[in-house]
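Remarks on the overall topology
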Amino acid sequence: LTYAWIFNEYPSFVQQDSRRFVSQETGNLYIAKVESSDAGNYTCVVTNTVTNSRVLGPPTPLVLRNDGVMGEYEPKIEVQFPETVPSAKGTTVKLECFALGK
């Protein structure tokens with residue numbers, strides 16, 4: 001499976017850059033330092049790479065708040081590392097760690 005996100009309407013896909021990241025492990029979309037231009041509807045697209053079929057999730061709105069209330073998004077660190085990561089010499093190991101909130 002591969003994951004992508006549509007911003008507002010197809011074919012406007014979210015492009016990964018220094019602020020945007022789509023985890024190919026979980027399908028989660030991460031946006032750092034949210035700006036007013038990030039506000040809109042985001043739709044997850046899951047593609048089966050064997051059959052090349054796609055399924056779209058429901059649109060999820062991102063709305064900026066100006067009142068300073070974070071609600072359920074208080075700061076937290078998400079780390080999902082296994083206790084050990086066996087790997088062969090010379091191979092690449094990717095570990096993901098995210099700080100969420102404000």
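Scroll up a little and you will see the structure.
Residues numbered from 1 in each chain as written. Predicted model: local features only at pLDDT ≥ 70, side-chain atom pairs only at ≥ 80, totals over all residues. Heavy atoms only, no water.

**Some words on the packing of aromatic side chains**
- Tallied over the full model, the rule gives three aromatic pairs.
- Each ring, one from F7 and one from Y42, has its centre 4.9 Å from the other, and the planes form 45°; the classification is tilted. One end of the pair, F7, is in strand β1 (residues 2-7); the other, Y42, is in strand β4 (residues 40-48), and 35 residues separate them in sequence. The same class applies to F7 and to Y42, which are both buried.
- Plain terms: the ring middles of Y10 and F13 are 5.8 Å apart, the flat faces sit at 80° to each other, and that makes the pair edge-to-face.
- For Y10, a relative accessible area of 58% corresponds to the exposed category.
- With relative accessibility at 24%, the residue F13 sits in the partly exposed group. (Phe/Tyr/Trp six-rings, centres within 6.5 Å; stacked < 30°, edge-to-face > 60°. Helix = DSSP H or I, 4+ residues; strand = E, 2+ residues; numbered from the N terminus. Buried < 20%, exposed > 50% of the residue type's maximum accessible area, 1.4 Å probe, protein only.)

**A word on the nonpolar core**
- Grouped together as the largest cluster of nonpolar side chains are eight residues: Y3, W5, F7, V14, V22, L29, Y42 and C44.
- Breaking this core down by element, the ones donating at least two residues are β1 and β4.
- The element best represented in this core is β1, accounting for three residues.
- Leaving out residues up to four positions away in the same chain, Y3 has contacts with V22, S23, Q24, T26, G27, C44, V45 and V46. (Core = buried A, V, L, I, M, F, W, Y, C linked by side-chain atoms within 4.5 Å. Contact = heavy atoms within 4.5 Å.)

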